[in-house]
Structure formats: C-alpha cells, structure tokens
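One letter stands for each residue in the lines below.
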Amino acid sequence: RGPRKLARVRPRRAARLLYQPLLAPVAAALPNRDDALVTLIPHGPLLRVSFSALVDDRDRYMVERFAFHYAPSVATLLQTARRRHAA
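Attention in this report is confined to the structure presented alongside it. Please read these numbers as outputs of a predicted model, since none were measured by experiment.

Comments concerning the packing of aromatic side chains
- One pass over the full model with this rule turns up one aromatic pair.
- Pairing Phe66 with Phe68 gives two aromatic rings, centres 6.1 Å apart and planes at 70°, and the pair type is edge-to-face.

Some details on unusual backbone geometry
- Unlike most non-glycine residues, Asp35 shows phi in positive territory, near 75°.
- Positionally, Asp35 belongs in the loop between α1 (11-22) and β1 (36-40).
- Owing to a relative accessible area of 54%, Asp35 belongs among the exposed residues under this scheme.
- The residue Asp59 is not glycine, and still its phi comes out positive at about 70°.
- Along the chain, Asp59 falls in the loop between β1 and β2 (66-70).
- Its relative accessible area of 35% is what places Asp59 among the partly exposed residues.

Focus: the nonpolar core
- Grouped together as the largest cluster of nonpolar side chains are twelve residues: Tyr19, Leu23, Leu30, Ala36, Val38, Leu40, Val49, Phe51, Leu54, Met62, Phe66 and Phe68.
- Of all the secondary structure elements, the ones that give two or more residues to this core are β1 and β2.
- It is β1 that provides the largest number of residues to this core, a total of three residues.

Observations regarding the pattern of salt bridges
- Under the definition given, this model contains six salt bridges.
- A salt bridge links Arg12 to Asp59, with the shortest nitrogen-to-oxygen separation between them at 3.3 Å. Of this pair, Arg12 sits in helix α1 while Asp59 is found in the loop between β1 and β2, placing the two residues 47 residues apart along the sequence.
- Classification of Arg12 as partly exposed rests on a relative accessible area of 29%.

Conventions and cut-offs
Residues numbered from 1 in each chain as written. Predicted model: local features only at pLDDT ≥ 70, side-chain atom pairs only at ≥ 80, totals over all residues. Heavy atoms only, no water. Phe/Tyr/Trp six-rings, centres within 6.5 Å; stacked < 30°, edge-to-face > 60°. Helix = DSSP H or I, 4+ residues; strand = E, 2+ residues; numbered from the N terminus. Buried < 20%, exposed > 50% of the residue type's maximum accessible area, 1.4 Å probe, protein only. Core = buried A, V, L, I, M, F, W, Y, C linked by side-chain atoms within 4.5 Å. Salt bridge = Lys/Arg side-chain N within 4 Å of Asp/Glu carboxyl O.

In structure tokens form, the structure reads like this:
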C-alpha cells in the first residue's frame, strides 16, 4: 500500500468543519452580543488552532462575532515555572 491521498478541503470549509467539534457544542454558552470578549485556554494541539478563523453555522467567521483573548493553561504555566526554576 502506498501513502493515502488526502482530500483537498477549501480553507473556509475546513474552518467550518473545525467549528463543529470545537465551538458548536458550547455555542449556546457564548455571549449573544457581537464584539464580546471570549477567553480561551487552549491546551495541546488546540494551541495551533486559530479560533478567530473558525466559521459558524451562519457562515460567519468567529472574529466577526467576538474578540478572543487567550490565556495559558495551568499545564503551560507549570512547565514555564519548571524551566525558569531549572535555569
């Protein structure tokens, strides 16, 4: 068997597909007011996700609805503290 071919997905569609498992389950808990501040504490692979670029069920980018604020996870803070202490 050779390497599997990956299906090409347009960026906007990919952003919509990522919205479904990441934000759709908590959409009802997000603020109703556009331009509201939403704090995210991503961990692991989610650190690489641009939540602002996700596309919701109404076909709007999240950045059109919210201002996102990112904060480090406790695991990240602990790792940083260990590195600082070791130095």
